[in-house]
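# Summary of structural features
Next come the chains, spelled out residue by residue.
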Amino acid sequence: MSEELKKLCNELCQEVVARSDTEDYELLREDQFTEIMIEYLVEAGELDDGRICFNKMKGHKVNGYHISDDGDRLDLFITECFLNGELNSLPKSSCINALKRLQTFFQRALGGVYKNLEDASDAFDLAHSIYQSEDMLVRVRLYLFTDGLTKVEELPHVQVGDVEVSFHIWDLNRLFQTVILGRRLDRIVIDFEHLSEQPVQCLIANKTSENYRCIFAVFSAKTLVNLYSKYGPRLLERNVRSFLQARGNINKGIRQTITKEPDMFLAYNNGLSATCSNLEVVKGSENLPFLKRASDFQIVNGGQTTGSLFHAFKKDGADLANIFVPVKITEINGEDIDLIAPKISQYANSQNKVNMADFSANHPYHIKIQEFSRTIFAPPKAGGQKQTHWYYERARGQYLDEKGRGTVSQRNAFEALNPNRQKFTKTDLGKYENSWAQLPHLVSKGAQKNFLEFMQRLDKRGKYEPDEAYFKKLIARAILFKETDRIVARELGGAYKAQTVTYAIAWLSYRSEQRLDLDGIWSRQELGPILSDCLESICQAVQPKLVQPPGIANVTEWCKKEACWDVVKPLSISLSDQFESVLIPETQHAPRGIADIDEPNDDEVKIIELVSKISSETWFSLSKWAKETQNLLPWQRSLAYSLGRVAESGRRPSRKQAAKGIEMLEKANNLGFKHESVADKTTLEIS
């Protein structure tokens, strides 16, 4: 075990070094270690998300945070790291002192410490957000991250005003056991006999499969509150909506029923769906079945109901005595739980039109990117001879797991072929793509939310299979992102680094009309001095616009708004006279000059070419005919007119315009629309 721990400790140290490849390594290493721990815990389901925010003053320290969308839960992180590759012990006193400093920051934030902080700083935004959220906060979780070893078993919760504060220590051993081995030291095991004030009677459905069985029960609201109070968001790890953090009218409706019509809750609410393994049912009085114990208990549908009940009880003081919730529990054989449970979550949440697979590392897009990352060799940099891979870590821990196999020489050979600095994750990929797609306001929402936005964008795109050209340009965008990150760290310091990076890249994408020579970046495996100098100018011009939000005190929130991009996008920034030399000539930029998920594939290019041959008169006539006959929908009439304007200007329609235009034209032809420029061959060619 000690050898495995030391190996993990050394890997963490190397990853921090790889990420902190700047002159300011000592200043950045705590940030990088914190970011790595956040990524591990997000992947493990312990955290929803997190962002870096370092602030240290006498008596307090904070390294990062996450505030839930509803503003009722706050996670704060503090880091105590050694990063020397050795197994170090962190004494209990040091752990407690660190958490006390973090708690002090929280209490000072409630007291308005933001007034004493620099306005243009991440810490100001965090402290101000906490100050504003005081009336909403229900739970605060304080996390200590360390690459040392601790012997602290458990620390009791405390109350700060009306807020419950809990303490969580993640040391090297816990990280190894929970994430690397994939085994929780603190698995959710529900003891219903102690959790519920009264026995939970159930009904066992007839068994239809050897893989699972279904049990139906009715939980008291207080039982659910006790569950959520003890385990929090970990109950919702397999819940699609917990990832999407859906809010709005549904939550408001639930809470209105809780406060105004509690006796009608059972009638109005659809109830919960849960999964578990090793469910124990015992016979009670009159030989009736009751729930006793369940392992791996997860609420896969009903996260909003559970959270609303908890919030109404803790924050609003609602009386839950007459509230009961129907629950369907699916007990799944241990080996099948990770296969079946996500499908139950997907289908149970189908009213939200969400496909769990779209947000999974098992999506075909991610599998294809992984395949390319293992087979396509990156060219050596100038003066080098060795080719390497850009390793796509589709699931957290893949890299360490693959690297750890074989002999010492085999492990060294793996690392030489797959350098740590060239490893990237699915949330990294989402940042690269959405920054280049000129969506910096989405990237600024945080790694997890941005990734979901990217996957929704991919889902709207329809069927898309990345090819080698796409992968190479993806890596070019990765190089662009990483190098811009280094430029910002070196030239502008750490304040709002993440926001500055994504906005700078988005502006470059806009300014260059996405004509940046990505193939050249791939071939060189670096930006080159001209582009690097241009990016310095861009970053220095962009950041002031980010840190001066109009009428809004919180810069972090400002950067999440599309209005912020509307301010940055039209900036006039003076660039080097040689800037044009790093762009693709306009004549080479169509129709697929840039491989991107928004670009048309070969079949779609044919449709675009076909639609481009249809005259503007045809589209205008179609729009007029549709309006007179009321045969098409309003948006179709509008599209017909737009396509007429596109044809009139000599431009090519977009992929979506072409596809919808063809469908509309065929429908109109079938309904009797005739025009001299619409040949019979159009329909045949489309088919």
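Above this text is the structure in question.
Quick look at the structure, then. These figures come from a predicted structure and were not determined experimentally.

Calculation rules
Residues numbered from 1 in each chain as written. Predicted model: local features only at pLDDT ≥ 70, side-chain atom pairs only at ≥ 80, totals over all residues. Heavy atoms only, no water. Helix = DSSP H or I, 4+ residues; strand = E, 2+ residues; numbered from the N terminus. Buried < 20%, exposed > 50% of the residue type's maximum accessible area, 1.4 Å probe, protein only. Contact = heavy atoms within 4.5 Å. Areas by Shrake-Rupley, 256 points an atom, 1.4 Å probe, with all protein chains shown as cover. Pairing = 2+ DSSP bridges. Axes fitted to C-alpha atoms, helices over the stretch in contact; angles between N-to-C directions. Phe/Tyr/Trp six-rings, centres within 6.5 Å; stacked < 30°, edge-to-face > 60°. Core = buried A, V, L, I, M, F, W, Y, C linked by side-chain atoms within 4.5 Å. Parallel < 35°, antiparallel > 145°, perpendicular 65-115°, else oblique. Left-handed = near helix turned anticlockwise from the far one by under 90°. Nonpolar A, V, L, I, M, F, W, Y, C, P; charged D, E, K, R; others polar. Salt bridge = Lys/Arg side-chain N within 4 Å of Asp/Glu carboxyl O.

Looking now at the overall build of the protein. Regarding its fold elements, the protein presents 29 helices and 14 strands. Counting the 687 residues in the protein, one finds 54% classified as buried. In the protein, the share of contacts with a sequence separation of at least 24, taken over all contacts with a separation of at least 6, comes to 72%. Summing over all exposed atoms, the protein offers an accessible surface of approximately 31600 Å²; the carbon and sulfur share of this is 47%.

Attention now goes to the sheet that holds strand S7 (residues 189-191). Pairing is mixed across the open sheet formed by six strands, whose spatial order is S7-S11-S10-S12-S9-S8. This sheet does not close on itself; its edge strands, each paired only once, are S7 and strand S8 (202-204). Geometrically, the sheet is characterised by an average inter-axis angle of 35 degrees between neighbouring strands, direction not taken into account. Against the sheet, helix H7 (residues 221-231) engages S7, strand S9 (212-220), strand S10 (272-283), strand S11 (289-301) and strand S12 (324-332), with an angle of about 105 degrees to S9.

With that settled, consider the pairing of strand S4 (residues 139-145). Two faces, one strand: in a regular strand the side chains alternate between the faces of the sheet. Judged by how many residues are buried, S4 sits mostly within the fold: seven of seven residues are covered. Burial of S4 is two-sided: the residues Arg139, Arg141, Tyr143 and Phe145 facing one way and the residues Val140, Leu142 and Leu144 facing the other way are all buried. Here strand S3 (residues 73-79) pairs with S4 via seven bridges, running parallel. Across the sheet, the residue bridging to leucine 74 is valine 140, located in S4.

Moving on, we come to the packing of aromatic side chains. Here the structure, examined in full by the defined rule, presents 21 aromatic pairs. Residues tyrosine 392 and phenylalanine 424 carry aromatic rings whose centres are separated by 5.0 Å and whose planes lie at 35 degrees to one another, so their mutual orientation is tilted. Taken as a pair, tyrosine 392 in strand S13 (residues 391-393) and phenylalanine 424 in strand S14 (residues 423-425) lie far apart in primary sequence, 32 residues in all. Neither residue differs from the other here; tyrosine 392 and phenylalanine 424 are each classed as buried. Here the aromatic rings of tryptophan 625 and phenylalanine 673 are separated by 5.3 Å at their centres, their planes lie at 45 degrees, and the arrangement is tilted. One end of the pair, tryptophan 625, is in helix H26 (residues 616-629); the other, phenylalanine 673, is in the loop between helix H28 (655-670) and helix H29 (681-686), and 48 residues separate them in sequence. Comparing tryptophan 625 with phenylalanine 673 shows no difference in burial state: the two are buried. Among the aromatic residues, those joined into a ring-pair cluster are Tyr392, Phe424, Tyr432 and Phe481.

Right, let's get into helix H4 (residues 122-132). Among the 11 residues of H4, nine are classified as buried, and the element is accordingly described as predominantly covered. What H4 keeps buried is the set Asp122, Ala123, Phe124, Asp125, Leu126, Ala127, His128, Ser129 and Ile130. Packing partners of the buried residues in H4 comprise strand S1 (51-57), strand S2 (60-67), S3, helix H3 (92-110) and helix H23 (555-559).

Below, the discussion takes up unusual backbone geometry. At aspartate 296, a residue that is not glycine, the phi angle is positive and equals roughly 55 degrees. Looking at where aspartate 296 falls in the secondary structure, it is placed in strand S11. A relative accessible area of 25% places aspartate 296 in the partly exposed class. Of note in this structure, glutamine 514 is not a glycine but carries a positive phi near 60 degrees. Tracing the backbone shows glutamine 514 in the loop between helix H20 (497-511) and helix H21 (518-524). Overall, glutamine 514 belongs to the buried group, its relative accessible area being 17%.

For S11, a buried count of 10 out of 13 residues is recorded, marking the element as mostly surrounded by other parts of the structure. Pairing between S7 and S11: three bridges, direction antiparallel. Bridge pairing links valine 189 to serine 295 in S11. Of the strand pairs in this sheet, S10 and S11 are connected by eight bridges, and their pairing is antiparallel. Residue pairing across strands places alanine 274 opposite isoleucine 299, the latter belonging to S11. Joining the antiparallel neighbours S10 and S11 is a turn of five residues, in which glutamate 286 adopts a positive phi near 60 degrees.

All right, on to the sheet that holds S3 then. The strand order across the open sheet built from six strands is S1-S2-S3-S4-S6-S5, with neighbouring strands paired in mixed fashion. Of all strands in the sheet, those with a lone pairing partner are S1 and strand S5 (158-160), marking the two edges. This sheet shows a mean twist of 30 degrees between the axes of neighbouring strands, independent of strand direction.

Formed by 59 residues in total, the largest nonpolar core has its most connected members in Ile369, Phe424, Leu516 and Ile538. Per-element tally for this core: the top contributor is helix H19 (residues 468-492), with 11 residues. Counting residues in hydrophobic clusters, the runner-up holds 38 residues, among them Ile190, Phe192, Cys276 and Leu309.

Another point: the packing of helix H25 (residues 602-612) against H28. Relative orientation of the contacting elements H25 and H28 amounts to 70 degrees, with a least axis distance of 9 Å. In this view, H25 runs roughly perpendicular relative to H28, as classed from their interaxial angle. Crossing of H25 against H28: the hand is left-handed. Taking contact as the criterion, the partners of Glu604, Ile607, Ile608, Leu610 and Val611 in H25 are, on H28, Arg655, Ala658, Ala659 and Ile662. Class assignment of the residues belonging to the contact of H25 with H28 gives a composition of seven nonpolar, no polar and two charged.

Glancing now at the pattern of salt bridges. Should their charged atoms come close, side chains of opposite charge can pair. Applying the stated criterion across every chain, the model contains 26 salt bridges. In this structure, the salt-bridge partner of glutamate 15 is lysine 423, at a minimum N-O distance of 2.8 Å. A residue pair is termed long-range when its members are at least 10 positions apart, and glutamate 15 in helix H1 (residues 2-19) and lysine 423 in strand S14 qualify at 408 residues. Taken as a pair, glutamate 15 and lysine 423 share a single burial class, namely buried. Salt-bridge contacts for arginine 477 lead to glutamate 433; the nearest nitrogen and oxygen are separated by 2.6 Å. On the criterion of sequence distance, the pair formed by arginine 477 in helix H19 and glutamate 433 in helix H16 (residues 426-436) is long-range, its members being 44 residues apart.

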